[in-house]
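Structural overview for review
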Amino acid sequence: MREAVILGIGMSSFGRFPEVSYYRIGAGAVLDALQDAGIAWKDVRAMYCANTNNGFCVGEMVEAELGHTGIPVVNVQNACAGGQTALFAGYQAVASGAYDIVLAMGVEQMPRGALVGMPPTPATLMGAESILSKYAMKMQRAIYERRFTLDQMAMVSVKNHANASLNSRSQYKLNLTLEDVHHSRMIANPLTLYHACPTSDGAAATILCSKGVARKHGLPPFINLAGVALRSQTFVRGDPADTHEITINTAAEAYERAGIGPEDLDIVELHDNFSISELEHYEELGLCGKGDGGKLVDDGTTKITGRLPVNASGGLLGKGHPTAASGVAQLCEVVWQMRGQAGQRQIAKEIRLGLAHCNGGDQGMACGIAMIKK
Amino acid sequence: MQVPIAEGLIAMPLSPAEEPRLIGSKCRSCGEVSFPSRLRCRRCSGSDLEKVGLSRKGRLHSFTTVLVKLPGARVDPPYLVGVVELPEGERIRTLLAGADQESLRIGQEMELAVCVVYKDESEKEVLGWKFRPADDGDPA
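Here's what I pulled together on the structure shown here. (Residues numbered from 1 in each chain as written. Chains lettered and ligands numbered in written order. Predicted model: local features only at pLDDT ≥ 70, side-chain atom pairs only at ≥ 80, totals over all residues. Heavy atoms only, no water.)

This paragraph deals with the overall build of chain A. Looking only at helices and strands, chain A features 13 helices and eleven strands. For chain A, whose C-alpha radius of gyration is 19 Å, the value lies close to the compact-globule estimate of 21 Å for 374 residues. A principal-axis box enclosing the C-alpha atoms of chain A has dimensions of 55 × 45 × 40 Å. Burial statistics for chain A: of 374 residues in total, 62% are counted as buried. Counting only contacts in chain A whose residues sit at least 6 apart along the sequence, the fraction spanning at least 24 positions is 77%. When the accessible surface of chain A is split by element, carbon and sulfur atoms take 52% of a total near 13,200 Å². Averaging the locations of the 32 positively and 36 negatively charged side chains of chain A gives two centres separated by 3 Å. (Helix = DSSP H or I, 4+ residues; strand = E, 2+ residues; numbered from the N terminus. Rg over C-alpha atoms; globule rule 2.2 N^0.38 Å. Buried < 20%, exposed > 50% of the residue type's maximum accessible area, 1.4 Å probe, protein only. Contact = heavy atoms within 4.5 Å. Areas by Shrake-Rupley, 256 points an atom, 1.4 Å probe, with all protein chains shown as cover. Lys, Arg positive; Asp, Glu negative; His and termini not counted. Charge placed at Lys NZ, Arg CZ, Asp CG, Glu CD.)

Set out below in structure tokens:
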């Protein structure tokens, strides 16, 4: 299959915009991406739109703001992995030769309150199952097993909020201390408020095209989408929808498709829905050895100034988490960093290889990883 | 009046000598046990499944006290939830009873209690499951 060139990117601010409809938020991000790509809406041949919360035909609602061109609109939903799912579909469309120019995007307008969305099973009705309690128990278990300390988890939140404060599109611009994280409102022991990402409104979009089209719009080197891996679960006894196996398996597939390994990466945007997730994903994505996740925050490796910056954008924790938009927003960050357009949070060294990862659906039902290459 | 939270999840005793159990499915091909039961085996996709009553005792894998009201949940905070690992290998997400955040220890033995977990819209008492610290060390 051919590679897909990332011709343009666009992203709204993330936050709370109850006065703006989701399709206007989405269309704004698309217009930014079209302008960035230097093409017109009528040049786009197919559209892949991820959304979780806003009902039917969300892609067509966005399309209706831009002018009816009759292109196929594919709406996808994969919870937090929705963005990568749209990228997966858009990548397949270009890489297979089916279309030369496509739009992949995610848009979300979310209800206020705790990150929810678990299916209404008996266990959720009686309160025995929720994303918040699942992650609180994950933290409790990790502390018991001495895998991570509560301080290391809090350090993830401090780091990502610090990065977010340098990003004009972030929902939060908070300079937190470890004590701030520890003493924020208790949600479910030992999970306090700042260990969890917010819910958000926002959109992100990218124009993907063939190399032939890209050459008409500019000179190489191009920034390429070098593959998107998307997987559902394999069987794991006792831990349905745990993120561990699925992330390891998806990462292996993503690295193979891109022909690189984790040691080659210059930047990573990963699914920090909760602070502990980032530490677990360090290990699952192979950024360090098993059991060494905590060391990467202890020694500053994953800071903007470190050897391998992780969530330079501010991550879900700081930048915000409009569910289906997050995966595409991660791609936007990697591209901005590769182009040297990341402003105050620009990473000093040259960025050539990046990865954008999200888990979705009780966090372990889906996993998507997009590989980005300059 | 009491109603089960869903059909096919809880086996109520038919005689005083029996005790309530959660119902899962067991694969006759690979032996894997699932709760709740599935149409096909989660592990091998085998179709030869039997309904089985699950062990009443297991080990506490993790726990927390939920302090916020969760949309969709019919119970009001604060309440204790946990994950109990049964000898069959399946882990049950459950409410906890007869304990508090300070007294619980990961790894301790817990025992099933079928009890009212909330009242529905028509004030019927809904029967669900909780686990509480086991009284003794008897095998399940």
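Still more to cover.
Residues and elements named next belong to chain A. Evaluated as defined, the whole model comprises three aromatic pairs over all chains. Measuring from centroid to centroid gives 5.3 Å for Y22 and Y23, while their planes differ by 85°, and the two rings are edge-to-face. The exposure class of Y22 is buried, given its relative accessible area of 10%. Since its relative accessible area comes to 25%, Y23 is described here as partly exposed. (Phe/Tyr/Trp six-rings, centres within 6.5 Å; stacked < 30°, edge-to-face > 60°.)

Before going further, it helps to spend a moment on the sheet that holds strand β2 (residues 46-50) of chain A. Residues and elements named next belong to chain A. Pairing is mixed in the open sheet, where nine strands are placed in the order β3-β2-β4-β7-β1-β8-β11-β10-β9. The strands lining the two open edges of the sheet, one partner per strand, are β3 (73-76) and β9 (267-269). Across the sheet, the axes of successive neighbouring strands diverge by a mean angle of 25°, strand direction being ignored. Note that strand β10 (residues 353-360) and strand β11 (residues 366-373) share eight bridges and pair antiparallel. (Pairing = 2+ DSSP bridges. Axes fitted to C-alpha atoms, helices over the stretch in contact; angles between N-to-C directions.)

What follows concerns the interface of chain B and chain A. Taken together, the contacts link 37 residues of chain B with 32 residues of chain A. Of the roughly 2,900 Å² buried between chain B and chain A, counting both surfaces, carbon and sulfur atoms make up 62%. The largest per-residue losses of area from chain B upon contact with chain A belong to R42, R93 and I106 of chain B, which jointly make up 23% of the total buried on that side. For R237 of chain A, the salt bridge identified is with E32 of chain B, shortest N-O distance 2.6 Å. Linking chain B to chain A there are eight residue pairs in polar contact (both at pLDDT 80 or more). Mapped onto the side of chain B that touches chain A, the elements with two or more residues apiece are β6 (57-66), β7 (79-85), β8 (91-96), β9 (109-119) and β10 (125-133) of chain B. A total of seven residues in the side of chain B that touches chain A trace back to one element, the largest contributor, which is β6 of chain B. Residues that form the side of chain B that touches chain A fall into these classes: 20 nonpolar, ten polar and seven charged. (Buried area = accessible area lost by both parts, 1.4 Å probe. Salt bridge = Lys/Arg side-chain N within 4 Å of Asp/Glu carboxyl O. Polar contact = N/O pair within 3.5 Å; in protein donor to acceptor, adjacent residues only side chain to side chain. Nonpolar A, V, L, I, M, F, W, Y, C, P; charged D, E, K, R; others polar.)

Let us look at the nonpolar core. Core analysis: the largest hydrophobic core is formed by 83 residues, its most contacted members being L287 and M371 of chain A together with W129 and F131 of chain B. At seven residues, helix α5 (residues 131-144) of chain A tops the list of elements feeding residues into this core. Of all hydrophobic cores here, the second largest spans 41 residues; its members include A93, I223, L225 and V334 of chain A. (Core = buried A, V, L, I, M, F, W, Y, C linked by side-chain atoms within 4.5 Å.)

All names here are of chain B. In terms of burial, β9 is a largely internal element, eight of the eleven residues being buried. Of the pairings in the sheet, the one linking β6 to β9 comprises three bridges and is antiparallel in character. Paired with G58 across the two strands is M110, which belongs to β9. In this sheet, β10 lies alongside β9 in antiparallel orientation, the contact comprising nine bridges. Bridge pairing links K119 to E125 in β10.

What follows concerns helix α10 (residues 275-284) of chain A. All names here are of chain A. With ten of ten residues buried, α10 lies mostly within the body of the structure. By the burial criterion, the buried members of α10 are S275, I276, S277, E278, L279, E280, H281, Y282, E283 and E284. Its buried side turned inward, α10 meets α5, α6 (150-164), α9 (244-258), α11 (293-298), α12 (315-319) and β10. Phi for G286, located one or two positions after α10, is positive at around 80°.

Residue and element names in this part refer to chain A. Position of T199 among the secondary structure elements: in the loop between β6 (191-192) and β7 (202-209). With a relative accessible area of 3%, T199 lands in the buried category. Separated by 3.4 Å, the side chain of T199 and the backbone oxygen of P111 make a polar contact.

Before going further, it helps to examine unusual backbone geometry. Where the residue is not glycine, phi is negative for most of them; where a peptide bond is considered, it is trans in most cases. In this chain, N189 of chain A is followed by P190 of chain A through a cis amide linkage whose omega measures 0°. Cis geometry marks the peptide bond from P77 of chain B to P78 of chain B; its omega dihedral reads 0°. Note on placement: P78 of chain B falls in the loop between β6 and β7. A positive phi angle, near 60°, is found at R146 of chain A, a position not held by glycine. Relative to the helices and strands, R146 of chain A is located in the loop between α5 and α6. The exposure class assigned to R146 of chain A is exposed, which follows from its relative accessible area of 76%. If you check the backbone angles, S45 of chain B has positive phi at about 65° while not being a glycine. Of note, S45 of chain B is situated in the loop between β4 (33-34) and β5 (49-53).

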